Amino acid sequence: MTFNDTVMKMKIDHEVVWKECLQIIKKNVPFLTFNTWFLPIKPVELVSTTLKIQVPNNFFVEWIEEHYNTLIHNTINQVLGPEGKLAYIIVEEKEEVFEPEPAIIAKPVPVKVENVPENIFPPKPEIKQQIQEDFENYLNSKYRFENFIKGENNQLARAAAVAISENPGATSFNPLFIYGGVGLGKTHLMQAIGNKILDNHPEKRIIYLSSDIFTVEFVEAIQNNTVNEFSNFYKSMDVLIIDDIQFLIGKEKTQDLFFHIFNALHQSGKQIILSSDKPPKELAGLKERLVSRFQWGLTTDIQPPDFETRVAILKNKSESYGINLSRDILEFIAHNITSNIRELEGCLIKLLANASLSSQEISLEMAKKTVKEISTSREVNISIDYITKNVCEFYGVEENKVREKNRKKEVVLARQMAMYLSKKLTKSSLKTIGLHFGGRDHSTVIHAYNSIEKLINTDESVKDAVKS
Ligand code: ADP
Ligand code: MG
């Protein structure tokens, strides 16, 4: 046998082995699962009785091992004999650099792989001319995978999002349901999926919108007698991305319509991506049939970022503004602002503003001052009493007057303003706000709110007062 024959034989062997494995696996798993999880796997090499297979990311290995551990190990034993073993090679996709270094993890036996063949890397996508769509898709091109920092907090959600963006509608993540608190990156990730799909397939019909906008449009459609057109429009999408689905709570008619759109899209293999502040089963007020459909695909959360991820995000953001912050500044901010990424960004912007206003270089001192400013404004935001105190000072009215039944013009104005701001700036219910102002009932608070809204639009001095 010549050297070339040997090479040929080796090449055929691992492919033949994997092909046989696939035939067995195909008979034992659902069609979509097979397409999503097993088809993308590529056999790389057969070394003795160990078959090395290449998977796109760690998430694949975890998922397969968790759900199909027995099947895959039985299969390999059936094909390669009792000594048969599998080794996973993870070749992570990288967005900017197209020469990924293979990260290697091996199960069940550690095998080190050198010289991963070149052709296993995905080809560089061509940049295509974007086709002008006949509708507004509300995709913001600034949200991309390239500027979405990967962390333990978003690992699963991000991996699923990448998988979907490469194969919309054809993975078992349909719908993809991402949940988590505010400012943690849900919108960014969903938008990144849309942008990526559009890059690769400019002809695809993709739309992003928040569920409250969906509701408003639906109400308009009812008024204009165009519900059919409205429904058909959404049913014509290849990818439907609906953000903050919790706003559908309590809106029964909208839920019903959405249910039909969801079914139509899902049945024809179109991709649906949803987000919410809570997991589906905690969305009390959402019809059961919707909740159950939301769980058909993959439900995954995004957690608050850990310290390292916060530093990485800050570093990335500041560099995108053309600024190099020193390590101690980055770490100081990341240590002190921990709850969400929107706040981290806010702090960075404030720091830049402070620096340019005072024409000084950014220093650790300045960072400390900025963080302090942000923390105080966060604390005062929540207190009705703090609002009342400041409003009364502003109007020169004694604080206890606004809590009494005083009908003097300036007291009424101060009281209404304090109620208005309490509603705007705190999460307190109308009832709670009413109680803070001498036990007035909720309709008084609504009346105050509406009066100030009206005044803001007509009276410049009130507008200025609100601003300050
Ligand atoms: P959510 O929709 O969960 O409330 P957003 O997607 O609006 O949060 O994120 C808030 C801000 O933080 C956005 O400006 C977004 O770009 C940024 N952000 C969130 N997660 C990341 C991340 N992992 N890497 C970089 N920026 C992020
Ligand atoms: Mg959002």
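Look up a bit, the structure's there.
What comes next is a walk through the structure. (Residues numbered from 1 in each chain as written. Chains lettered and ligands numbered in written order. Predicted model: local features only at pLDDT ≥ 70, side-chain atom pairs only at ≥ 80, totals over all residues. Heavy atoms only, no water.)

Right, let's get into the overall build of the protein chain. Of regular secondary structure, the protein chain possesses 19 helices and nine strands. The buried share among the 468 residues of the protein chain stands at 43%. Roughly 25100 Å² of accessible area belongs to the protein chain as shown, and the carbon and sulfur atoms make up 52% of that amount. (Helix = DSSP H or I, 4+ residues; strand = E, 2+ residues; numbered from the N terminus. Buried < 20%, exposed > 50% of the residue type's maximum accessible area, 1.4 Å probe, protein only. Areas by Shrake-Rupley, 256 points an atom, 1.4 Å probe, with all protein chains shown as cover.)

Right, let's get into helix α12 (residues 341-357). Compared with an ideal rise of 1.5 Å per residue, which puts 17 residues at 24 Å, α12 spans 24 Å between its outermost C-alpha atoms and is within 8% of the ideal. Turning to α12, its buried residues are I341, L344, C347, L348, L351, L352, N354 and A355. The buried side chains of α12 occupy one side of the element, clustering within an arc of 160° when seen end-on. Seen from the buried face of α12, the exposed residues on the opposite side, beyond 90 degrees, are R342, S356 and L357. For α12, the capping residue at the N-terminal end is N340, with a side-chain oxygen 2.8 Å from the backbone nitrogen of R342. Looking one or two residues past α12, S359 carries a phi angle of roughly 45°, positive in sign. (Expected span 1.5 Å × (residues − 1). Arc of directions from axis to C-beta. Polar contact = N/O pair within 3.5 Å; in protein donor to acceptor, adjacent residues only side chain to side chain.)

Within strand β6 (residues 206-210), five of the five residues are buried, which leaves the element mostly enclosed by the surrounding structure. Side chains I206, Y208 and S210 of β6 all project onto a buried face; the interleaved residues I207 and L209 project onto the opposite face, where all are buried too.

What follows is about helix α6 (residues 211-224). Here α6 spans 20 Å end to end across 14 residues, near enough to the 20 Å set by a 1.5 Å rise per residue. Along α6, the residues classified as buried are S211, F214, T215, F218 and A221. The arc enclosing the buried residues of α6, seen along the axis, measures out at 120°, which places them on a common side. More than 90 degrees from the buried face of α6, the exposed residues found are Q223 and N224. Where α6 is buried, its residues touch β6, α7 (227-235), β7 (239-243) and α8 (252-267). At the exit of α6 stands N225, carrying a positive phi of roughly 60°. (Contact = heavy atoms within 4.5 Å.)

The next thing to look at is the site of ligand 1. Contacts to ligand 1 come from 17 residues, most closely from I149, G183, K186, T187 and H188. Contact between ligand 1 and G185: an oxygen atom at 3.0 Å from a main-chain N or O atom of the residue. For ligand 1, an oxygen atom lies 2.8 Å from a polar atom in the side chain of K186. Bound to the protein, ligand 1 loses 94% of the 560 Å² it would expose on its own. Breaking the shell around ligand 1 down by element, the ones donating at least two residues are α5 (186-200) and α12. Taken together, the residues of the shell around ligand 1 sort by class into seven nonpolar, seven polar and three charged. (Near = heavy atom within 4 Å. Nonpolar A, V, L, I, M, F, W, Y, C, P; charged D, E, K, R; others polar.)

Further remarks concern the side chain of S276. Along the chain, the position of S276 falls in strand β8 (residues 271-276). Looking at S276, its side chain comes within polar contact range of the main-chain oxygen of K278, at 2.9 Å. Discounting chain neighbours no more than four positions away, the residues touching S276 are F177, I178, Y179, G180, K186, I245, Q246 and L283.

Our focus in this paragraph is the environment of P175. Tracing the sequence through the fold places P175 in the loop between α4 (155-166) and β5 (176-179). By relative accessible area, which is 0% here, P175 ends up buried. Non-local contacts of P175, meaning those with residues more than four positions away in its chain, are made with F262, H266, I272, L274, R293, F294, W296, G297 and L298.

So, on to the packing of helix α10 (residues 307-320) against helix α11 (residues 327-336). To characterise two packed helices, one gives the angle between the axes of the helices and the distance between these axes. The N-to-C vectors of α10 and α11 enclose an angle of 125°; their axes lie 9 Å apart at closest approach. With respect to α11, the axis of α10 lies oblique. In this structure, the crossing between α10 and α11 has a hand that is right-handed. Along its contact with α10, which presents F307, R310, V311, L314, K315 and S318, the element α11 presents R327, L330, E331, I333, A334 and H335. Across the contact of α10 with α11, the residue classes break down as six nonpolar, two polar and four charged. (Axes fitted to C-alpha atoms, helices over the stretch in contact; angles between N-to-C directions. Parallel < 35°, antiparallel > 145°, perpendicular 65-115°, else oblique. Left-handed = near helix turned anticlockwise from the far one by under 90°.)

Of all five residues making up β7, five are buried, and the element is well covered by its neighbours. The side-chain alternation of β7 yields two buried faces, one formed by V239, I241 and D243 and the other by L240 and I242. Here five bridges tie β6 to β7, and the two strands are oriented parallel to one another. Residue pairing across strands places I206 opposite V239, the latter belonging to β7. (Pairing = 2+ DSSP bridges.)

Attention shifts here to the packing of aromatic side chains. Inspection of every chain in the model, using the stated rule, returns 15 aromatic pairs. Centre to centre, the rings of F135 and F233 are 5.4 Å apart; their planes meet at 85°, and the pair counts as edge-to-face. Of this pair, F135 sits in the loop between β4 (103-104) and α4 while F233 is found in helix α7, placing the two residues 98 residues apart along the sequence. Residue classification places F135 among the buried positions, given a relative accessible area of 13%. Take F233: its relative accessible area is 26%, and that puts it in the partly exposed class. (Phe/Tyr/Trp six-rings, centres within 6.5 Å; stacked < 30°, edge-to-face > 60°.)

This next bit is on the sheet that holds β6. In spatial order, the strands read β6-β7-β8-β5-β9; together these five strands make up an open sheet with parallel pairing. A strand with exactly one partner marks an edge of an open sheet, and here the two such strands are β6 and β9 (298-301). Adjacent strand axes in the sheet meet at a mean angle of 15° when their direction is disregarded.

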